[in-house]
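One letter stands for each residue in the lines below.
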Protein chains: 2
Amino acid sequence: MTLVMTSNPEAPGPRDRMVDSARALIQERGVSGVGLRDVVAHAQAPRGSLQHYFPGGKTQLVAEALARADVVARAVVGAAAADGTGAAAMLSAVVARWRAALTDGDYARGCPFAATVVDVAAGNEALREAAATGLADWRSDAAAVLRRDGFPAERAASLASLLQAAVQGALLQARAQRSTAPLDAVERELLPLLAPPAVAR
Amino acid sequence: MTLVMTSNPEAPGPRDRMVDSARALIQERGVSGVGLRDVVAHAQAPRGSLQHYFPGGKTQLVAEALARADVVARAVVGAAAADGTGAAAMLSAVVARWRAALTDGDYARGCPFAATVVDVAAGNEALREAAATGLADWRSDAAAVLRRDGFPAERAASLASLLQAAVQGALLQARAQRSTAPLDAVERELLPLLAPPAVAR
């Protein structure tokens, strides 16, 4: 029986599916708008499995969804940091990825960290911290790319903060107006700031 | 009796208070996290008054709260447009206002348009449009200031989009990490972009 159930090692189990479903639903409806029953249904998981896998309830499930989102969000920036892509190419890659996600998904899904901050930053300290960690990790990766491009450490941190802020805000604008134009504007306006300083002046 | 009820023209009536309460609670908990009972309680309004004043239910109440937020949000930028303040001073005024709001309010309240987008952009078309209108109005005012500073219309629109995105994103970051440093970074990095073009080059 076990052999049958695990015959496809690629197929995620119910626990994994619930974490992924929570992440997807939070991106679409925020944290407050997602009920545990929604997650179980979306993940096609057995009814009683939530309590079994997530004894810490919704906070545990959302925290795990944010931890997974952290891994996903860092993939583009982390790849840029690892393969020597410069900061300008990194920004374009980040924007391209969101542009595709928005147009492929009918503008339904945004950033899960933003969704968490807006809904529960004032009401759930554990989730506020999970969102803060996810955002800080991304900035840390981006700052590393900027430092390698020649920006001094303090300036790199400041620019990484601006890049993240601008992309986050553009995502809100894009979902509000159902258009990728805000992402285009951010990319167009910020790319000149990312020219390596040794070349720029 | 009417005389008694309106004896203090400064005191807002229950309808006004409910719209203000909805706005405040949405800023703190998002749209999905705010129940109609919460609004009635926060506004100290009579229990049955909600149905009386807002026959359209939660969507009507939230739409009116967003319309009021639109007026409030445009105050700083609109003042800059009216009194001849340049774009750099406008950005600093916007950032200063949010910095004060965050530190005075224990980082509990963010932008109600952001809260609406994150929670219901995919699920409530009327509220998505209300948020889009609020965001567009602010950008329109900011672009007018930039044009008066000498930026060509297209560039002014693009820069206004970036300014809004960066401030929105910085608000998310600030609430996540309970610090105004992200607003400082955005202001520091963007001010140089706002030097009137005739002077800059």
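Residue positions within a chain follow its written sequence, with the count starting from 1. Labels follow written order: the first chain is A, the first ligand is 1, and so on. In keeping with the model being predicted, local features are shown solely for residues with a pLDDT of at least 70 and side-chain atom pairs are shown and tallied solely at 80 or more, while totals for entire chains, interfaces and linings include all residues.

Broken down by element type, chain A carries 11 helices and zero strands. Elements are defined by DSSP. Helices are runs of H or I of four residues or more, strands are runs of E of two residues or more, and each kind is numbered from the N terminus. Going from N to C terminus, chain A has its helices and strands arranged as α-α-α-α-α-α-α-α-α-α-α. Dimensions along the principal axes, computed over C-alpha positions, put chain A at roughly 65 × 40 × 35 Å. A separation of at least 24 residues holds for 68% of the contacts in chain A among residues at least 6 apart in sequence. This entry defines residue contacts through backbone-placed C-beta atoms, with two residues in contact when those atoms are within 7 Å.

Now for the relation of the copies chain B and chain A. Between the two copies, chain B and chain A, the superposition gives an RMSD of 0.0 Å; the rotation angle is 180 degrees and the shift along the axis is 0.0 Å. The symmetry that links the two subunits is that of a two-fold axis. When the interface residues of chain B are mapped onto chain A, 100% of them are again interface residues, pointing to one common binding face. In superposing the copies, a least-squares fit is computed on C-alpha atoms, taking residues whose pLDDT is at least 70 in both.

Glycine aside, a negative phi is what most residues show, and trans is what most peptide bonds show. Residues and elements named next belong to chain A. Positive phi, normally seen in glycine, also occurs at Asp106, with a value near 55 degrees. With respect to the helices, strands and loops of the structure, Asp106 is situated in the loop between α6 (87-104) and α7 (112-120). Take Asp106: there are 9 C-beta atoms within 10 Å of it, and that puts it in the exposed class. A positive phi is found at Arg178, a non-glycine position, where the angle reads about 50 degrees. Among the secondary structure elements, Arg178 is positioned in the loop between α9 (153-177) and α10 (181-190). Using C-beta atoms placed from the backbone, we call a residue buried if 20 or more other C-beta atoms fall within 10 Å of its own, exposed if 12 or fewer do, and partly exposed for counts in between. For Arg178, a count of 15 C-beta atoms within 10 Å puts it in the partly exposed group.

On to the confidence of the model for chain A. All names here are of chain A. The predicted model of chain A has a mean per-residue pLDDT of 92, with 94% of residues at 70 or higher. pLDDT is defined as a per-residue confidence score from the predictor, taking values between 0 and 100. Considering only residues more than four positions removed or in separate chains, one finds that residues 1-7, a stretch of pLDDT under 50, has zero contacts. Scoring the predicted complex yields pTM 0.93 and, for the interface, ipTM 0.93.

Attention shifts here to the interface of chain B and chain A. Of the residues lining the interface, 41 residues belong to chain B; the matching set on chain A comes to 41 residues. When residues of the side of chain B that touches chain A are traced back to their parent elements, those giving at least two are α2 (14-29), α7 (112-120), α8 (125-148), α9 (153-177) and α10 (181-190) of chain B. Classification used: nonpolar for Ala, Val, Leu, Ile, Met, Phe, Trp, Tyr, Cys and Pro, charged for Asp, Glu, Lys and Arg, polar for all others including Gly. Here the residues of the side of chain B that touches chain A are counted per class, giving 22 nonpolar, 12 polar and seven charged.

Time to look at helix α8 (residues 125-148) of chain A. Any helix carries an expected span of 1.5 Å times its number of residues minus one. The end-to-end C-alpha distance of α8(A), which contains 24 residues, comes to 34 Å, matching closely the 34 Å that a straight helix rising 1.5 Å per residue would cover. Residue Gly150(A) follows α8(A) closely and has a positive phi angle near 115 degrees.

To continue, consider the nonpolar core. Of all hydrophobic cores here, the largest spans 142 residues; its most connected members are Ala22(A), Ala166(A), Val186(A), Ala22(B), Ala166(B) and Val186(B). Excluding anything up to four places from it in sequence, Ala22(B) contacts Val34(B), Val39(B), Leu61(B), Val62(B) and Ala65(B). Among buried residues, those of type Ala, Val, Leu, Ile, Met, Phe, Trp, Tyr and Cys that are joined through C-beta atoms within 7 Å form a set called a nonpolar core.

Residues and elements named next belong to chain B. With respect to the helices and strands, Arg17 occurs in helix α2. When the 18 C-beta atoms within 10 Å are taken as the criterion, Arg17 is described as partly exposed. Expressed as a C-alpha distance, the spacing of Arg17 and Leu127, which sit 110 residues apart in the sequence, is 20 Å.

Contact pair α7(A) / α7(B): the axes reach a minimum separation of 9 Å and the direction vectors enclose 120 degrees. When the axis of α7(A) is compared with that of α7(B), the two are oblique. Once α7(A) is placed against α7(B), the crossing between them reads as left-handed. Facing Ala114(A), Ala115(A), Val118(A) and Asp119(A) of α7(A), the residues of α7(B) in contact are Ala114(B), Ala115(B), Val118(B) and Asp119(B). A class-by-class count of the residues in the contact of α7(A) with α7(B) yields six nonpolar, no polar and two charged. Angles shown run from 0 to 180 degrees and are taken between the N-to-C directions of axes, each axis being a line fitted to C-alpha atoms and, for helices, limited to the stretch in contact. Our angle categories are set so that under 35 degrees counts as roughly parallel, over 145 as roughly antiparallel, 65 to 115 as roughly perpendicular, and the remainder as oblique. Less than a right angle of anticlockwise turn of the near helix away from the far helix marks a crossing as left-handed, whereas a clockwise turn marks it as right-handed.

Since the α-helix advances by 3.6 residues per turn, residues separated by three or four positions end up pointing in the same direction. Residue and element names in this part refer to chain B. The first and last C-alpha atoms of helix α5 (residues 57-83) sit 39 Å apart over 27 residues, in line with the 39 Å expected at 1.5 Å per residue. Note on bend: the value at a residue is the angle between axes fitted to the seven residues ending there and to the seven starting there. If you look at α5, its biggest bend is around 45 degrees, right at Ala75. Buried within α5 are the following residues: Leu61, Val62, Ala63, Glu64, Ala65, Leu66, Ala69, Ala73, Val76, Val77, Ala80 and Ala81. The secondary structure elements touched by the buried residues of α5 are α2, α3 (36-42), α6 (87-104), α7 and α8.

Quick look at the packing of α6(A) against α10(A) now. Residue and element names in this part refer to chain A. Closest axis-to-axis distance for the α6/α10 pair is 10 Å, and the angle between their directions is 175 degrees. Relative to α10, the element α6 is oriented roughly antiparallel. Seen from α6, the contacting residues are Leu91, Ser92, Val95, Trp98 and Arg99; seen from α10, they are Leu183, Val186, Glu187 and Leu190. Split by residue class, the contact of α6 with α10 holds six nonpolar, one polar and two charged.

All names here are of chain B. Among the secondary structure elements, Thr133 is positioned in helix α8. C-beta crowding within 10 Å serves as the criterion here: with 17 such atoms nearby, Thr133 is assigned to the partly exposed category. For the pair Thr133 and Ala144, spaced 11 residues apart in sequence, the C-alpha separation works out to 16 Å.

Residue and element names in this part refer to chain B. Secondary-structure assignment places Ala142 in helix α8. Measuring from C-alpha to C-alpha, the distance between Ala142 and Gly78 comes to 7.9 Å, with 64 residues separating the pair along the chain. Apart from the residues within four sequence positions on either side, Ala142 is in contact with Val77, Met90, Ala160, Leu163 and Gln164.

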